[in-house]
Amino acid sequence: MSTLTTNYLVPTGREEAWRFTPLNRLAGLLDSTVALTSTNSLVAKSLPAGVSSKLVAALDLAPMATTLDAATIRVREAVTEVLVLDIAKDSEVSEPIHLNRVTIDGQAQASRLLVNVGTNAKAVLIIENQGNAVIAEDIEYVLAPGSSLKVIVLQEWDAKTVHLGSHHAIIDRDASFTSLIVTVGGSVVRLLPTVEYRGPGSSAELFGLYFATDGQHLEHRMHVDHNVPNAKSRVNYKGALSGDKARSVWIGDVHIRAEAEGTDTYELNRNLLLSDGARADSVPNLEIETGEIVGAGHASTTGRFDDEQLFYLSSRGIPAQIARRLVIRGFFSEIIGKIGSQEIEERLMNRIDDQLAKVGA
Amino acid sequence: MSTLEIKNLQVSVATEKGFTEILRGVDLTIKSGETHAIMGPNGSGKSTLAYSIAGHPKYTITGGSVTLDGADVLAMTVDERAKAGLFLAMQYPVEVPGVSVTNFLRTAATAIRGEAPKLRTWVGEVKEAMASLNMDAEFAERNVNEGFSGGEKKRHEILQLELLKPKIAILDETDSGLDVDALRIVSEGVNRVKANSDLGVMLITHYTRILRYIKPDFVHVFAAGRIVEEGGPELADKLEDKGYAEYTTA
Ligand SMILES: Nc1ncnc2c1ncn2[C@@H]1O[C@H](COP(=O)(O)OP(=O)(O)OP(=O)(O)O)[C@@H](O)[C@H]1O
Ligand SMILES: [Mg+2]
């Protein structure tokens, strides 16, 4: 591909998809004059039975879905090798599969991951992102009929990280996909969890949690394409923001096409503003082309602490600061509790507590 | 021996039309071991009195004083008041999503006692208190008041009373919404705390029913933001008979 194509696609900030993003803080990820390191940066310590991995030359592995996202297009141009995880058909993988990101400080990186979940296979995948990085990634999950995949993606980045990512799931008949994205670090993080279906009876659950403090920009844009009949989707993202210029963006696009009769969808985004100077944008967007559906709904709320809750806790002797921590932990518990690892859950809550302490909340 | 002393307490709330005066000079002294019933018509300011003592931010104190053993309660933060020995069982207990009862109780007990209760004895203590209030053990794992029935919320308030062992407790319509068995169970809970700790009680109620279980030493009639009559237990029977007409038409 020529660099011309890329140049043409570089966003100006006027595009709907980029209008919230601070383009001047992307550290060259969309700048074609900055080279991206393209070797694989995801490593598995050990793989449980039923799971295998290989590196495939990018030229030999076309992406499963097309994209219009400038960052993803750039990744696809830059990456030379793709990490491919195969989960063998019929295997019930007993332990979670762990992938850890290896970052190269000061170097812009591109990464492609493809996860194939075989027919009737069942697995949990945990991807952990830590440290300082400048990274654009393209992840594709392909779920064969009857399979089930739960992916937990943790962004526990250090303060300088810039991270653009596309997480696309293709879900076949009777398969169920659960994604849980936790973003509690980084300078700019912009993730695109997107879903398309391949057969009826399929379901997608997109859960997320973000916590932004001083100057952080954390953006999550879902797109669920109900392009088959009788599929289900649930979206639930919860965010808290504290500190000056803490910023979050949540976009929930759900498209129910004319052929998607029997669709059942609900999306929810709740934001808790813990201080002045923080801003949460929340844009649910439901486009419905057929009336023959089971249900379609959305809700979005952005609010401050509930004084009655804080009063109740304080009236039992609990100091205001601890009361606020309890309420925030309570607010997130619905999402965090889905991780299913006490160790990770505690680590995340402690990190949120620490960040709260730093901004004096 | 503790004394809660309320003197000429005046309280307003901020409304769209400005400040509205609700308490117009309340005088009341409650000592350890005493039970004071407060009865009065809807909207007369009973909950306002309870919340003002507990320190709810909605209410503005415009005059008077509240002291506990001489210490200025009104100068304390909400949590300091609880640590000083005040407890408010609320008329409408608040739901706190995502915070389990276990976690809440332990955090509260840690704050009030000044140190985390020993896990081994604590678990037993909670279990026993729940059992004596006929609360299913599964409530411990549920979120604070979330989805609790009216009666379950009230039992949960008295559970906290038993565990936090205050000096003075204000029970705001703890009897409302309780079935006959629950009323007895909850009353026994209050009496247990009284027997074990010489608790002083301000019992806000509309009904004499609960007073058959929790015997008041004094009954106060509350109307239009102040106490308008005081007497012994017989006053409650008179109120039940005649209502508040003679206090509200003046
Ligand atoms: N935030 C508020 N804004 C306006 N009025 C208020 C507010 N809070 C309380 N009030 C008013 O103050 C008055 C006293 O209320 P309070 O709840 O103390 O009454 P109460 O005696 O406890 O009544 P009940 O027996 O119904 O529980 C009522 O008229 C009520 O409407
Ligand atoms: Mg009341």
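Residues numbered from 1 in each chain as written. Chains lettered and ligands numbered in written order. Predicted model: local features only at pLDDT ≥ 70, side-chain atom pairs only at ≥ 80, totals over all residues. Heavy atoms only, no water.

## A few points about helix α1 (residues 46-54) of chain B
Residue and element names in this part refer to chain B. For α1, the buried fraction is high: nine of the nine residues fall into the buried class. Turning to α1, its buried residues are Lys46, Ser47, Thr48, Leu49, Ala50, Tyr51, Ser52, Ile53 and Ala54. Phi turns positive, to about 95°, at Gly55, one or two residues after α1. (Buried < 20%, exposed > 50% of the residue type's maximum accessible area, 1.4 Å probe, protein only. Helix = DSSP H or I, 4+ residues; strand = E, 2+ residues; numbered from the N terminus.)

## Details of the pattern of salt bridges
All names here are of chain A. The full count for this structure, using the stated rule, is 36 salt bridges over all chains. Between Arg347 and Glu128 there is a salt bridge, with the nearest N and O atoms lying 3.1 Å from each other. With Arg347 in helix α5 (residues 342-358) and Glu128 in strand β6 (residues 122-131), the pair connects residues that are 219 residues apart, well separated along the chain. For Arg347, a relative accessible area of 26% translates into the label partly exposed. Each member of the salt-bridge network shares a partner with another, and the members are Asp69, Arg190, Glu219 and Arg221. (Salt bridge = Lys/Arg side-chain N within 4 Å of Asp/Glu carboxyl O.)

## Details of the side chain of A:Glu128
Here A:Glu128 falls in the buried class, since its relative accessible area comes to 10%. Residues in contact with A:Glu128, not counting those within four places in the same chain, are A:His98, A:Leu99, A:Asn100, A:Arg101, A:Leu154, A:Glu156 and A:Arg347. (Contact = heavy atoms within 4.5 Å.)

## Section: the site of ligand 1
Residues and elements named next belong to chain B. Surrounding ligand 1, one finds 15 residues, the nearest of these being Gly43, Lys46, Ser47, Thr48 and His206. Backbone polar atom of Ser44 to an oxygen atom of ligand 1: 3.2 Å apart, as the coordinates give it. A distance of 3.2 Å separates an oxygen atom of ligand 1 from a polar atom in the side chain of Gln91. For the shell around ligand 1, the elements supplying multiple residues, two or more each, are β1 (3-15) and α1. Per-element accounting of the shell around ligand 1 gives the leading share, three residues, to α1. (Near = heavy atom within 4 Å. Polar contact = N/O pair within 3.5 Å; in protein donor to acceptor, adjacent residues only side chain to side chain.)

## Thoughts on the coordination of the magnesium ion (ligand 2)
Residue and element names in this part refer to chain B. The coordination sphere of the magnesium ion (ligand 2) contains the protein donors Ser47 (OG) and Gln91 (OE1), at a distance range of 2.0 to 2.2 Å. Pair noted here: Ser47 is in helix α1 and Gln91 is in the loop between β6 (86-89) and β7 (96-100), with a separation of 44 residues, a long-range link. The pair formed by Ser47 and Gln91 is uniform in burial state, with each residue classed as buried. (Donors = N, O, S within 2.8 Å, 3.2 Å for Na, K, Ca; no water.)

## A closer look at the pairing of strand β9 (residues 162-171) of chain A
Residues and elements named next belong to chain A. In terms of burial, β9 is a largely internal element, 10 of the 10 residues being buried. Here β9 shows a buried face lined by Val162, Leu164, Ser166, His168 and Ile170 and a second buried face lined by His163, Gly165, His167, Ala169 and Ile171. Direction of pairing for strand β7 (residues 134-143) relative to β9: parallel, over a ladder of 10 bridges. Note on β9: the bridge partner recorded for Val142 is Ile170. Bridge count between β9 and strand β11 (residues 188-197): 10 bridges; the pairing is parallel. Bridge assignment links Gly165 to a residue of β11, and that residue is Leu191. (Pairing = 2+ DSSP bridges.)

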